[in-house]
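Descriptive structure summary
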Amino acid sequence: MADPKYSLKDVLKADAEKYMHVPNPSIIKAYWKRDMYKYIFWLRCVHFLKLKSWTKYLLAPIPVLILKHLSYKYGVFVDSNIEIGPGLKIIHGGCLYINAERIGRNFTVYQGVTLGATPGKGVPTVGDSVSVYAGAKVIGEIRVGNGCQIAATAVVTIDAPDNSIMMGIPAK
């Protein structure tokens, strides 16, 4: 599920760095100053607690409840089973749904985005340093390459090569 080379602290530090725009930021300061970082903090905690069966049943239930509360409060749903690299940044909450096979490092996402499956098919795989802008949809078992930019309101249903900009309906 998760890459063993990353610890929970390393991932939370990288996420806080994206939010606070300073090197070596305080996780606690990011938690209290940035609402979407609170959601990411609990998402990461739930993900790491689910990795081992004994923590999954003994320790995870309370963080799962907190994550569900924040999910409803901010209008954000990110599947806690997804392997997401360090540096996740959600710019705005609201109508955000993310269900992917894997998401790489330094993923930035704006409001109104959907990453998900088409009926009967798989979910997308997202590379490193990808940005998905407001209202974009990435649908189906496709690969979004490293360094891609998905433009606002784009509907991506085909593979996106590395370092490309996908825009339009359907995106090209």
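Provided above is the structure to which this section pertains.
Going along each chain's sequence as written, the residues are numbered from 1 onward. Owing to the predicted nature of the model, reporting of local features is limited to residues with pLDDT of at least 70; listing and counting of side-chain atom pairs is limited to 80 or more, with chain, interface and lining totals taken over all residues. Excluding hydrogens and water, the side-chain figures rest on all heavy atoms present in the structure.

Re the pattern of salt bridges
Operational definition: Definition used for salt bridges: Asp or Glu carboxyl oxygen within 4 Å of a side-chain nitrogen of Lys or Arg. Only DSSP runs of H or I reaching four residues or more are called helices, and only runs of E reaching two or more are called strands; each is numbered from the N terminus. Throughout this description, buried means an accessible area under 20% of the type-specific maximum (1.4 Å probe, protein chains only), exposed means over 50%, and partly exposed covers the range between.
Here the structure, examined in full by the defined rule, presents four salt bridges. A salt bridge links Arg44 to Asp15; the nearest nitrogen and oxygen atoms lie 2.8 Å apart. With Arg44 in helix H3 (residues 35-49) and Asp15 in helix H1 (residues 8-20), this residue pair connects regions lying 29 residues apart in the sequence. Of the two residues, Arg44 and Asp15, neither departs from the other in class, the shared state being buried.

A few points about the packing of H1 against H3
Stated formally: Every axis in this analysis is a line fitted to C-alpha atoms, fitted for helices over the stretch in contact. Angles between the N-to-C directions lie between 0 and 180 degrees. Roughly parallel means an angle under 35 degrees; roughly antiparallel means over 145; roughly perpendicular covers 65 to 115; every other angle is labelled oblique. Take the far helix as your reference; a near helix turned counterclockwise from it by less than a right angle gives a left-handed crossing, and one turned clockwise gives a right-handed crossing. Two residues qualify as a contact provided that any one of their heavy atoms is within 4.5 Å of a heavy atom in the partner residue. Following the grouping adopted for this structure description, the nonpolar residues are Ala, Val, Leu, Ile, Met, Phe, Trp, Tyr, Cys and Pro, the charged ones are Asp, Glu, Lys and Arg, and the polar ones are all others, Gly among them.
Between H1 and H3, whose axes approach to 11 Å, the crossing angle comes to 165 degrees. Compared by their axis directions, H1 and H3 come out roughly antiparallel. In this structure, H1 crosses over H3, and the sense of that crossing is right-handed. Seen from H1, the contacting residues are Leu8, Val11, Leu12, Asp15, Ala16 and Tyr19; seen from H3, they are Met36, Tyr37, Ile40, Phe41, Arg44, Cys45 and Phe48. The residue makeup of the contact of H1 with H3, split by class, is 11 nonpolar, no polar and two charged.

Remarks on helix H5 (residues 61-74)
Which entries qualify depends on this criterion: Helix span is expected to be 1.5 Å times the residue number reduced by one. What the arc measures is the spread of directions leading from the helix axis to the C-beta atoms.
In a regular helix each residue adds 1.5 Å, so 14 residues correspond to 20 Å; H5 covers 20 Å between its end C-alpha atoms and thus fits that length. Buried residues of H5: Pro63, Leu67, Leu70, Ser71 and Tyr74, and no others. The arc that holds the buried residues of H5, viewed along the axis, is 105 degrees, so those residues lie on one side. Every exposed residue of H5 that faces more than 90 degrees away from the buried side is listed here: Ile62, Leu65, His69, Tyr72 and Lys73. Buried positions along H5 lie against H3 and strand E1 (76-78).

Geometric descriptors of this kind do not, in isolation, establish any biological role.
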